[in-house]
Structures are given as structure tokens and as C-alpha cells.
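# Notes for the structure review
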Amino acid sequence: IQQLEKIGANELLEKELQRLHQQAIERLSPRKKTIFLMSREEELTYEQIAQKLGISVHTVRNQMTDSLTTIREFLSNHPDIACLIIASLSSLKNI
């Protein structure tokens, strides 16, 4: 029963982390969001993204750098995320 409770807690934790991550992505400009999602969800290379969007690889790289900075800043401004991660790690050790 304890393991089932931990698995349930981990699922809730994962959902919360996904929600925060999605909120961070929503803060990106439309262009940055498109590039970020093409890179992370479609798993396209910077070269492929540049070709599809008709922009330079340098622009894709800069947009990704800015996007990752924005996402990191958003997450770092949410101290509850640290608590979630610590809780997740400690519960994984006990399974």
C-alpha cells in the first residue's frame, strides 16, 4: 500500500512539474515558442528548424538560448519547484 501511495504521489508530482513547465513555455514569444517546441517536442536539429522556418541557424541558436533562459528564470522564481523536486527525489529513494 505504501508503494502505491508513493507511486500516486509521484504521478501528482510529475503532473505539477509538467504544469509549471508548460506555464514557463507559455511565457515565450510565439516565435521562440515555435522554435523551442520544434527542438524539444519534434526533436528537430537547429539546422532543420532553420530550414523549415527560413531563418539562419544562428537565429535558431539565439532564440533557443533566450527561451531556455526565460524558462530557467521562471522556474527559479517558483521556490515550490525546488520542494517538488526534493520530494520527488526522496520518494524515489524509498521505493
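This write-up is about the structure you can find in this document. These numbers come from a predicted model, not from an experiment.

## Quick notes on the packing of helix α3 (residues 46–53) against helix α4 (residues 57–76)
Close contact between α3 and α4 brings their axes to 8 Å; oriented N to C, the two are set at 110°. The angle between the axes of α3 and α4 places the two elements in the roughly perpendicular class. Along this stretch, α3 crosses α4, giving a crossing that reads as right-handed. Where α3 approaches α4, its residues Tyr46, Glu47, Ile49 and Ala50 are matched on the opposing element by Val57, Val60, Arg61 and Met64.

## Here we look at unusual backbone geometry
In the Ramachandran plot, Glu43 falls in the positive-phi region, its phi being about 55° despite a non-glycine side chain. Topologically, Glu43 is positioned in the loop between α2 (30–40) and α3. Overall, the relative accessible area of 65% leaves Glu43 in the exposed class.

## Concerning the pattern of salt bridges
Where side chains of opposite charge bring their charged atoms close, a pairing between them can arise. If you walk through the whole model with that rule in mind, you get 2 salt bridges. For Asp66, the salt bridge is made with Lys32, and the minimal N-O distance between the two is 3.6 Å. Linking Asp66 in helix α4 with Lys32 in helix α2, this pair joins segments that are 34 residues apart in sequence.

## Overview of the nonpolar core
Counting 14 residues, the largest nonpolar core has Phe36, Ile49, Val60 and Ile71 as the members making the most contacts within it. Only α1 (2–26), α2, α3 and α4 provide two or more residues apiece to this core. Of all the elements, α4 adds the most residues to this core, at 4 residues. Once you skip the residues sitting within four places of it in the chain, Ile71 turns out to touch His21, Ala24, Ile25, Leu28 and Phe36.

Rules of the game
Residues numbered from 1 in each chain as written. Predicted model: local features only at pLDDT ≥ 70, side-chain atom pairs only at ≥ 80, totals over all residues. Heavy atoms only, no water. Axes fitted to C-alpha atoms, helices over the stretch in contact; angles between N-to-C directions. Helix = DSSP H or I, 4+ residues; strand = E, 2+ residues; numbered from the N terminus. Parallel < 35°, antiparallel > 145°, perpendicular 65-115°, else oblique. Left-handed = near helix turned anticlockwise from the far one by under 90°. Contact = heavy atoms within 4.5 Å. Buried < 20%, exposed > 50% of the residue type's maximum accessible area, 1.4 Å probe, protein only. Salt bridge = Lys/Arg side-chain N within 4 Å of Asp/Glu carboxyl O. Core = buried A, V, L, I, M, F, W, Y, C linked by side-chain atoms within 4.5 Å.

Such coordinate-based values are descriptive only and should not be taken to indicate function.
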